[in-house]
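Residue-level structural notes
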Amino acid sequence: SRALRALDFKHKILVTVDPSLEGAADFLELAEVEKLPIINLGEIPQKELNGYYSQSHVFLFPSQSETFGNPLIEAMGYGLPIVVPALDYAQSIVGNAGEYYSENATTECANIMVGIAKDT
């Protein structure tokens, strides 16, 4: 979000973070303190997923530790552009359907997202 802000790109990022996970509360508090447009939805019931996916423009999945990401499959099912780090788990799931950025390269990630938004 900081990198998108630096590009003067209007955005809103919806996350599904469990605040009880290690580091999650700190992340959410920092986003609030910095007034970043990051909104934590928490766990979403299956019946509500359609509304969120169908209103989204891009799906960012920045996890560096996944072995399999169900939300990636869901987002591809909705035809969303997928932005993920260039890691083995992401490449094995998303394949050619994704846009990849180097791990921890937030500016590169932001530029990809802005490029996708300009193409739509």
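Bear in mind the structure is a predicted one, so any value in this text is a computation, not a measurement.

What the protein chain contains, in helices and strands, is six helices and five strands. Its C-alpha atoms give the protein chain a radius of gyration of 14 Å, within 12% of the compact-globule value 14 Å for 120 residues. Within the protein chain, the proportion of its 120 residues that are buried is 32%. Long-range pairs, those at least 24 residues apart, make up 46% of the contacts in the protein chain with a sequence separation of at least 6. Total accessible area on the protein chain is roughly 7900 Å²; 50% of this is exposed by carbon and sulfur atoms.

Turning to the pattern of salt bridges, a few remarks are in order. Evaluated as defined, the whole model comprises one salt bridge. As a salt-bridge pair, E34 and R2 come within 2.7 Å of each other at their nearest N and O atoms. Highlighted residues: E34 in the loop between helix 2 (24-33) and strand 2 (38-40) and R2 in helix 1 (residues 2-6), separated in sequence by 32 residues.

The next subject is the pairing of strand 5 (residues 98-101). Where strand 4 (residues 82-85) lies against strand 5, four bridges are found, and the strand directions are parallel. Looking across to strand 5, one finds that I82 is bridged to G98.

The first and last C-alpha atoms of helix 6 (residues 106-119) sit 20 Å apart over 14 residues, in line with the 20 Å expected at 1.5 Å per residue. Within the sequence span of helix 6, burial applies to C109, A110, I112, M113, V114 and I116. Tucked inside the fold, the buried residues of helix 6 contact helix 1, strand 3 (59-60), strand 4 and strand 5.

The next thing to look at is the sheet that holds strand 5. Two strands in a sheet stick together by hydrogen bonds in their backbones, pointing the same way (parallel) or opposite ways (antiparallel). Strand order in this open sheet of three strands is 3-4-5, and the pairing throughout is parallel. On the outer flanks of this sheet lie strand 3 and strand 5, each paired with one strand and no other. As defined by bridge partners, strand 3 adjoins strand 4 across two bridges and the pair is classed as parallel. Of the residues in strand 4, the one forming a bridge with F59 is I82. In the packing of helix 4 (residues 70-77) onto the sheet, contacts are made with strand 3 and strand 4, and the angle to strand 4 comes to roughly 155°.

What follows covers the side chain of H11. By the secondary structure assignment, H11 is in the loop between helix 1 and strand 1 (13-15). Of the polar contacts made by the side chain of H11, one reaches the side chain of S1; its length is 2.6 Å. Only 2.8 Å separates the side chain of H11 from the backbone oxygen of F9, close enough to count as a polar contact. Leaving out residues up to four positions away in the same chain, H11 has contacts with S1, L4, R5 and P37.

Another point: the side chain of S63. With respect to the element layout, S63 can be found in the loop between strand 3 and helix 4. Discounting residues that sit within four places of it in the chain, S63 has contacts with P85, L87 and Y89.

Here we take up the packing of aromatic side chains. One pass over the structure, following the stated rule, counts four aromatic pairs. Aromatic pair F59 and F61: ring centres 6.0 Å apart, planes at 20°, arrangement stacked. Here F59 falls in the buried class, since its relative accessible area comes to 14%. Cluster of aromatic residues (ring-pair linked, three or more members): Y53, F59, F61, Y78 and Y89.

Thresholds, definitions, all that
- Residues numbered from 1 in each chain as written.
- Predicted model: local features only at pLDDT ≥ 70, side-chain atom pairs only at ≥ 80, totals over all residues.
- Heavy atoms only, no water.
- Helix = DSSP H or I, 4+ residues; strand = E, 2+ residues; numbered from the N terminus.
- Rg over C-alpha atoms; globule rule 2.2 N^0.38 Å.
- Buried < 20%, exposed > 50% of the residue type's maximum accessible area, 1.4 Å probe, protein only.
- Contact = heavy atoms within 4.5 Å.
- Areas by Shrake-Rupley, 256 points an atom, 1.4 Å probe, with all protein chains shown as cover.
- Salt bridge = Lys/Arg side-chain N within 4 Å of Asp/Glu carboxyl O.
- Pairing = 2+ DSSP bridges.
- Expected span 1.5 Å × (residues − 1).
- Axes fitted to C-alpha atoms, helices over the stretch in contact; angles between N-to-C directions.
- Polar contact = N/O pair within 3.5 Å; in protein donor to acceptor, adjacent residues only side chain to side chain.
- Phe/Tyr/Trp six-rings, centres within 6.5 Å; stacked < 30°, edge-to-face > 60°.

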